[in-house]
Amino acid sequence: MAERCAVVGVGQTLLRSKRDDVSIPGLVREAAKAALADAGVGWDDIDAVVIGKAPDMFEGTMMPELSLAPALGAVGKPMFRVHTAGSVGGSTALVAAHLVAAGIHERVLTVAYEKQSDSDAMWALSVPQPFSAPLLAGAGGYFAPHIRAYMRRSGAPEHIGRIVAVKDRLNALKNPYAHLHLPDIDLKMVEESVMLWDPLRYLEACPSSDGAAAMVLASEGALGSPAFPPAWVHGMAMRSEPTMFAGRDQVSPRAGRECVADVFGQAGVTRPREQIDVAEVYVPFSWYEPMWLENLGFAEPGEGWKLTESGATAMDGDIPWNCSGGVLSSNPIGASGMLRFLEAAMQVRGQAGEHQIDGARLALGHAYGGGSQFFAMWVVGAAKP
Amino acid sequence: MSGAEAGTQPVTVLETPIHLDYVFTPGIAQSIFLRGLARGVFLGQRCPTCGKVYIPSRGSCPVDGVATDEVVELPDTGIVTTYCVVNVPFAGQAVEIPYTCAQVLLDGANISFMGLIQEVPADQVRMGMRVEAVWVPPDELGPSLASVKYFRPTGEPDALYESYEEYL
Ligand SMILES: [Zn+2]
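Residues numbered from 1 in each chain as written. Chains lettered and ligands numbered in written order. Predicted model: local features only at pLDDT ≥ 70, side-chain atom pairs only at ≥ 80, totals over all residues. Heavy atoms only, no water.

## A look at the overall build of chain B
Link 1 in the chain: Within chain B one finds two helices and eight strands.
Link 2 in the chain: In chain B, the succession of helices and strands from N to C terminus is α-β-β-β-β-β-β-β-β-α.
Link 3 in the chain: The principal-axis extents of the C-alpha atoms in chain B amount to approximately 70 × 40 × 35 Å.
Link 4 in the chain: Of all 168 residues assigned to chain B, the portion counted as buried reaches 43%.
Link 5 in the chain: Put simply, of all contacts in chain B between residues at least 6 apart along the chain, 52% involve residues at least 24 apart.
Link 6 in the chain: Summed over all atoms, the accessible surface of chain B reaches about 9100 Å², with 53% contributed by carbon and sulfur.
Link 7 in the chain: Distance from the positive charge centre (9 side chains) to the negative charge centre (20 side chains) of chain B: 7 Å. (Helix = DSSP H or I, 4+ residues; strand = E, 2+ residues; numbered from the N terminus. Buried < 20%, exposed > 50% of the residue type's maximum accessible area, 1.4 Å probe, protein only. Contact = heavy atoms within 4.5 Å. Areas by Shrake-Rupley, 256 points an atom, 1.4 Å probe, with all protein chains shown as cover. Lys, Arg positive; Asp, Glu negative; His and termini not counted. Charge placed at Lys NZ, Arg CZ, Asp CG, Glu CD.)

See the structure below:
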């Protein structure tokens, strides 16, 4: 990339099932103000705003970015909207980073959000069409068959999903922003929770959250005096593939494998399990941890579940995944991908508080969306690339 | 209204259901598939380059980027590649829960589509299970997948995992 780019400010709202204390403009402004404060800059210091959210049909407002411009200080400034379904928070951050890396802007505010309490995502994802049977029951109904396929392909025992469900919720107890705080969670509670999309139980699925995330990205010449050191972007990539083609690997999509190869290539990562200190990976359903461990090259095909079972991905493991509690603990859909990117930056800046991995120097942020057809990733580091 | 009045709460959220009717205009390829359903047959299309058969017919092969002109009639039989049992209610749900939602790979097709599995308890559905389509009565057939009531087991031996592994 031409110009170095760094995260100099991060902000997120409290992630809750219902933020009825704020409107959508209030929600995005809350995250943006926190990011500006963290970066030590004001609205006037921002050159452009890049915003993303999941499909407009969720809240039923087309092109909501237009009416959100005043709340984000974007009136009279360039504003971009990004659309890549559930991965959008990640893609939005990358579009903002591209503007800095390309030398077009010095300081860009990027924001992503969802207000699920104002929306009906289950309905929006299950609209009947004449060319498909009216059976799809939200994202869980789409992903559960692929999870079953993974279980068959890898021979993973059924308790693996429950390990992830417990681990991420215990991590969330260390994150005051997280939506779910379930201090009593254990394997038995997950096993006894209702089966929603067999083989997926209620506590193996993400919640439905309101929330927003924001970051200030800056070029090397515009770092200013942020509260914490910058998180430098060492690599970034997006990939997509069609959802339906003959021979498509729906368990470990090629777009994900190629995206991570690109981003690790840029960052000089050849042995991710050793070189990456901490990862925030989009895991909305428990089984996607072992599936993405394989897709992202942290484990050989068929071996991801063994890494999860060994405790390697826990906070005290050698490759902690989702110390924030991840998507399993908070899912403001449009913001969920950006939260992964933001949490990765927080780790290398040393500002993750109770869920900080001591001495984290290099972190992966990951998002995926749609029918596993959109991928966005970045690697951020404490050292200048 | 003041929330301070005894027995009242401030109104913070209003639900305002809206209804939209869409006229769906399929393209040439999708029309072939939908018209097939209206006469109780599955019509797909074969890619001239890779030879794979797509159903629903799509007009092009997403892998090779070429037009798929050859129409292929497929049988009513196939296998369940993978599935889940839906036990979650949602607005506008068309089928009573719990129900088995499967990926059905028709014999001779190279891509699966979603189908309802009935006439078998959910806990007896298997990956690789042989199934056949049950159509609605002839006078109820129409240009939509609603023409297929559901799929049911044929009772034949299950397909070997290796035979459908590449479709997962
Ligand atoms: Zn082809």
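## Things to note about unusual backbone geometry
Link 1 in the chain: Note that the residue after A:D198, namely A:P199, is joined by a cis bond; omega there is 15°.
Link 2 in the chain: Here B:I55 and B:P56 are connected by a cis peptide whose omega angle stands at 0°.
Link 3 in the chain: Positionally, B:P56 belongs in the loop between strand 2 (53-54) and strand 3 (70-74).
Link 4 in the chain: The phi torsion at A:M63 lies on the positive side, around 45°, for a residue other than glycine.
Link 5 in the chain: Structurally, A:M63 is set in the loop between strand 2 (48-53) and helix 2 (64-68).
Link 6 in the chain: Although it is not a glycine, B:E119 sits at a positive phi angle of roughly 65°.

## Examining the pattern of salt bridges
Residues and elements named next belong to chain A.
Link 1 in the chain: For the structure on display, the rule yields 32 salt bridges over all chains.
Link 2 in the chain: Of the charged contacts, one joins E30 and R19 as a salt bridge, the two residues approaching to 2.7 Å between their closest N and O atoms. With a gap of 11 residues between them, E30 in helix 1 (residues 24-39) and R19 in the loop between strand 1 (5-12) and helix 1 connect regions that are remote in the sequence.
Link 3 in the chain: E303 is paired through a salt bridge with K306; the nearest N and O atoms lie 3.4 Å apart.
Link 4 in the chain: Here the residues in one salt-bridge network are R4, E220 and K384, joined through shared partners. (Salt bridge = Lys/Arg side-chain N within 4 Å of Asp/Glu carboxyl O.)

## Brief notes about the coordination of the zinc ion
Residue and element names in this part refer to chain B.
Link 1 in the chain: On the protein side, the zinc ion has C47 (SG), C50 (SG), C61 (SG) and D64 (OD) as donor atoms, found 1.9 to 2.3 Å from it.
Link 2 in the chain: For the zinc ion, the four donor atoms in the first shell make angles of 104 to 118° at the metal, so the coordination geometry reads as tetrahedral.
Link 3 in the chain: Here the donor residues of the zinc ion share one chain and are spaced in sequence as C-x2-C-x10-C-x2-D. In this pair, C50 sits in the loop between strand 1 (42-46) and strand 2 while D64 sits in the loop between strand 2 and strand 3, placing the two residues 14 residues apart along the sequence.
Link 4 in the chain: Residue D64 is classed as partly exposed on the basis of its relative accessible area, which comes to 30%. (Donors = N, O, S within 2.8 Å, 3.2 Å for Na, K, Ca; no water. Tetrahedral: all angles 85-135°; square planar, octahedral: opposite > 155°, others 65-115°.)

## So, the state of the cysteines
Residues and elements named next belong to chain B.
Link 1 in the chain: Inspection of every chain in the model, using the stated rule, returns zero disulfides over all chains.
Link 2 in the chain: With no disulfide of its own, C84 has C101 as its nearest cysteine by sulfur position, at a separation of 5.1 Å.
Link 3 in the chain: Here C101 falls in the buried class, since its relative accessible area comes to 2%. (Disulfide = S-S within 2.5 Å.)

## Looking at the interface of chain B and chain A
Link 1 in the chain: The partner chain A presents 33 residues to the 37 residues of chain B that form the contact.
Link 2 in the chain: Both sides of the chain B and chain A interface together cover about 3100 Å² of buried area, and 67% of this is carbon and sulfur.
Link 3 in the chain: Among the residues of chain B in contact with chain A, B:F90, B:M114 and B:L168 are the three that bury the most area, contributing 17% of the side total.
Link 4 in the chain: Our enumeration of links across chain B and chain A arrives at zero salt bridges.
Link 5 in the chain: Inspection of the region where chain B meets chain A yields eight residue pairs in polar contact (both at pLDDT 80 or more).
Link 6 in the chain: Element by element, the count of residues in the side of chain B that touches chain A is highest for strand 4 (residues 77-86) of chain B, at five residues. (Buried area = accessible area lost by both parts, 1.4 Å probe. Polar contact = N/O pair within 3.5 Å; in protein donor to acceptor, adjacent residues only side chain to side chain.)

## A closer look at the environment of A:G247
Link 1 in the chain: Looking at the secondary structure, you find A:G247 in the loop between strand 8 (231-240) and helix 8 (254-267).
Link 2 in the chain: In this structure A:G247 comes out as partly exposed when scored by relative accessible area, which is 37%.
Link 3 in the chain: In sequence terms A:G247 and A:L136 are 111 residues apart; their C-alpha atoms lie 22 Å from each other.
Link 4 in the chain: Apart from the residues within four sequence positions on either side, A:G247 is in contact with B:N110 and B:E166.

## Description of the sheet that holds strand 1 of chain B
Residues and elements named next belong to chain B.
Link 1 in the chain: The antiparallel open sheet is built from three strands, whose spatial order is 2-1-3. Each having just a single partner strand, strand 2 and strand 3 make up the two edges of the open sheet.
Link 2 in the chain: Set on the sheet, helix 1 (residues 28-38) makes contact with strand 1 and strand 3; between it and strand 1 the angle comes to about 150°. (Pairing = 2+ DSSP bridges. Axes fitted to C-alpha atoms, helices over the stretch in contact; angles between N-to-C directions.)

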